[in-house]
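Each chain, written out:
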Amino acid sequence: MEILVCIKQVPDDSVNVKMNPATGAPDLSNITPIVNAFDTYALEMATRLKEAVGGTITVVCVGPDKAKDAIKTCLAVGASNGFIVKDEVTDTISTADALAKAVAKIEEAQGVKFDLIFCGKETTDCASGQVGTMLAANLDVPVIPNLVDIEAIDGGISAKQETEEGYNVVEAATPCVVTVTKPAYDPRYPTIKSKMAARKIPIGELEVGGVAAAAVSVVANAEPPKKEAGIKIQEETIGDSMAKAIAMMKEAKVF
């Protein structure tokens, strides 16, 4: 099975981001870029599928030259090939268009047709959750969003799609696009040996050209409001505490 995993390099979301007062934009200068968390789940799911049925995993990332570090990380944990798309994109429409054009170029370069294209369900920096679905529309193939598991069946795949009540079992013919949320397992970590091997794998560079114009622009950035300190209720008994809490809520016209 030929698999493509689309990834994005994003700022480490475990770090508290501050605004740069001079530019009015988030200050990312001292934050280490990493592979988007949901993309690591997508790669892990793709790797488990490859281990079950055989095949090859290619990783593609739209971004600047420094995003090659994210691709190398993926090469160390399951991917066999990597490509970076250096065209400038600024929103989901231009990103999905660049990826669709990259798919055609990578297939031509490698002499293959991708059976499955994996995407994380969203990125931790923008969280739009749109690129995977838009990519499927651009490629004119089916899409199954929000996967938590997948397996190969005759002529296609069977996938568990997360819902609020549990999950649906959805089957689709290949080629198709899937987007991945958090499954029941964690992504694997690279070893020193796999990191050394990944360094030797050349990363292809693409400029697809003619990328669709962005339809969305950022007007302004703002920090989320800080949470106000809570009120401690420390009466002598639980009953007194409950009574005081209810009285305070009535006063605040909560009910």
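Residues numbered from 1 in each chain as written. Predicted model: local features only at pLDDT ≥ 70, side-chain atom pairs only at ≥ 80, totals over all residues. Heavy atoms only, no water.

Visitor: Hey, could you run me through the overall build of the protein chain in this one?
Guide: Helix and strand content of the protein chain: six helices and 13 strands. Summarising its shape, the C-alpha atoms of the protein chain cover approximately 75 × 50 × 40 Å along the three principal directions. Long-range pairs, those at least 24 residues apart, make up 70% of the contacts in the protein chain with a sequence separation of at least 6. Just so you have it, the protein chain exposes about 14900 Å², and 52% of that area is on carbon and sulfur atoms. Averaging the coordinates of the 25 positive side-chain charges in the protein chain and doing the same for the 35 negative ones gives two points 6 Å apart. (Helix = DSSP H or I, 4+ residues; strand = E, 2+ residues; numbered from the N terminus. Contact = heavy atoms within 4.5 Å. Areas by Shrake-Rupley, 256 points an atom, 1.4 Å probe, with all protein chains shown as cover. Lys, Arg positive; Asp, Glu negative; His and termini not counted. Charge placed at Lys NZ, Arg CZ, Asp CG, Glu CD.)

Visitor: Please clarify how the sheet that holds strand β6 (residues 56-62) should be interpreted in this entry.
Guide: Sheet strands line up and pair through hydrogen bonds in the backbone, either parallel or antiparallel. If you walk across this open sheet you meet the nine strands as β11-β10-β9-β12-β8-β1-β6-β7-β13, and the pairing is mixed. Here the strands that pair on one side only, and so sit at the sheet edges, are β11 (167-173) and β13 (203-206). Adjacent strand axes in the sheet meet at a mean angle of 30 degrees, parallel and antiparallel pairs treated alike. Pairing between strand β8 (residues 116-120) and strand β12 (residues 176-180): five bridges, direction parallel. Bridge pairing in β12 links Phe-118 to Val-178. (Pairing = 2+ DSSP bridges. Axes fitted to C-alpha atoms, helices over the stretch in contact; angles between N-to-C directions.)

Visitor: Just to check I follow, could you spell out the packing of aromatic side chains for this structure?
Guide: When we look at a pair of aromatic rings, we describe it by the centre distance and by the angle of the planes. The final tally for this structure, using the stated rule, is one aromatic pair. On the basis of an interplanar angle of 55 degrees and a centroid distance of 6.4 Å, the ring pair of Phe-38 and Tyr-41 is categorised as tilted. Here Tyr-41 and Phe-38 lie together in helix α1 (residues 37-53), a separation of three residues that amounts to about one turn. As far as burial versus exposure is concerned, Phe-38 and Tyr-41 are alike and both buried. The ring of Tyr-185 carries the charged tip of Arg-48 above its face, separated from the ring centre by 3.6 Å. (Phe/Tyr/Trp six-rings, centres within 6.5 Å; stacked < 30°, edge-to-face > 60°. Buried < 20%, exposed > 50% of the residue type's maximum accessible area, 1.4 Å probe, protein only. Lys NZ or Arg CZ within 6 Å of the ring centre and 35° of its normal.)

Visitor: Can you walk me through the pairing of β6 in this structure?
Guide: Every other side chain in a regular strand lies on the same face of the sheet, so the side chains alternate between the two faces. In terms of residue burial, β6 counts as a mostly covered element, since six of its seven residues are buried. With six bridges connecting them, strand β1 (residues 2-7) and β6 associate as parallel partners. When the sheet's bridge partners are listed, Cys-6 is paired in β6 with Val-60. Taken together, the five bridges between β6 and strand β7 (residues 81-85) define a ladder with parallel strand orientation. Note on β7: the bridge partner recorded for Thr-58 is Asn-81. Between β6 and its parallel partner β7, the chain crosses via helix α2 (residues 68-75), and the hand of that crossover is right-handed. (Right-handed = clockwise from strand over helix to strand, strands pointing away.)

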